[in-house]
Amino acid sequence: MPALAAGFATDRTTLIAGAAAALAVAVVLQGANLVVVLVRLWRRGPVGVEG
Amino acid sequence: MGVGYRLLPMILPAAMPRGAWPYVATLLTQVGAWGLFLAFLAGGGWVPAFAPIAAGGVGVFLGQVAWMARHRRPAPTDMPRPDLSLAHAIQALGYLALSTAMGPYLAFAPPSETTLRLAMVYGTLALVGFLSQMVVGVAGRLLPLYGWLLGFAARRYEETPPSLHRAPARTLQALVLGLWTLGGCRRSPQASQPTGRR
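The structure presented is a predicted model; accordingly, all values stated were derived computationally and were not measured.

1. Let's talk about unusual backbone geometry
Note on backbone geometry: most residues besides glycine have negative phi, and most peptide bonds are trans.
Residues and elements named next belong to chain B.
Next, step 1: Backbone torsion omega between leucine 12 and proline 13 reads -20°, so that peptide bond is classified as cis.
Next, step 2: Cis geometry marks the peptide bond from arginine 81 to proline 82; its omega dihedral reads -5°.
Next, step 3: Topologically, proline 82 is positioned in the loop between helix H3 (47–70) and helix H4 (84–108).
Next, step 4: Even without being a glycine, arginine 156 presents a positive backbone phi close to 60°.
Next, step 5: Position of arginine 156 relative to the elements: it lies in the loop between helix H5 (113–154) and helix H6 (170–190).
Next, step 6: By C-beta crowding, arginine 156 is classed as exposed, having 12 other C-beta atoms within 10 Å.
Next, step 7: Of note in this structure, tyrosine 157 is not a glycine but carries a positive phi near 60°.
Next, step 8: Topologically, tyrosine 157 is positioned in the loop between H5 and H6.

Below you can see the structure in the form of structure tokens.
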């Protein structure tokens, strides 16, 4: 957080935009995690194997 | 809050609150919320009367969360530590406590430039810090359960999928928690700064 604050320009709009971008990336990564979960639980193993 | 009464015991895990207090929290919150809605429609004069009622309902809920924290149950043995979904939930509840404390102040404080900025902070704390983050935290626990059920069905209910607690990618979870912490912290205090340069 301090790094983000110091690294970005000090004006308010840029900081808020940076925070919004961080949250947006977090949501995308959460979606990616969902894909990982589904792949690991749903497709791994004897899925679709016919006897 | 309603979802929290069901899902927080699962996330912590903890005993489920029983007795009259959940009803008290629900009643106070509903009366407060409806009262605030109607008071705002009527021009805002009655807002100070209903804000403490709504805050009281949320306060009772937070008290119930504290009760859950004191009545923990054993966690699944294959649950990775630390539990990152729980970290989201704790952080979200902290934001809820902050916004709950700010609400009555904003209801009673005379309108000014400061209260206008604080209102933005209040909204950010409640919507981004609490509500959105609680969804993210709960999703971290519910989506693996959903995936596990899908996997079980795909295996024709004859073989169990791998542990749902080990399914999420820890790196992605940690990144999501870190980014949400950075973004939430930054947005909240920043909105209270005067316009222009800090």
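2. Focus on the nonpolar core
Residue and element names in this part refer to chain B.
Next, step 1: In terms of nonpolar packing, the biggest core is built from 27 residues, with Ala51, Ala54, Ala89, Ala92, Leu96 and Phe130 touching the most fellow members.
Next, step 2: Secondary-structure elements contributing two or more residues to this core are helix H1 (2–11), helix H2 (21–41), H3, H4 and H5.
Next, step 3: Among the elements that take part in this core, H3 stands out by supplying nine residues, more than any other.
Next, step 4: Mapped onto the domain boundaries, this core takes at least three residues apiece from domain 1 (1–74) and domain 2 (81–198).
Next, step 5: Look past the residues within four positions of leucine 96 in its chain and what remains in contact with it is Val58, Leu62 and Phe130.

Parameters and conventions
- Residues numbered from 1 in each chain as written.
- Chains lettered and ligands numbered in written order.
- Predicted model: local features only at pLDDT ≥ 70, side-chain atom pairs only at ≥ 80, totals over all residues.
- Helix = DSSP H or I, 4+ residues; strand = E, 2+ residues; numbered from the N terminus.
- Buried ≥ 20, exposed ≤ 12 C-beta atoms within 10 Å, placed from the backbone.
- Core = buried A, V, L, I, M, F, W, Y, C linked by C-beta atoms within 7 Å.
- Domains from an automatic or database assignment.
- Contact = placed C-beta atoms within 7 Å.

Functional significance is not addressed by these values, which are geometric in nature.
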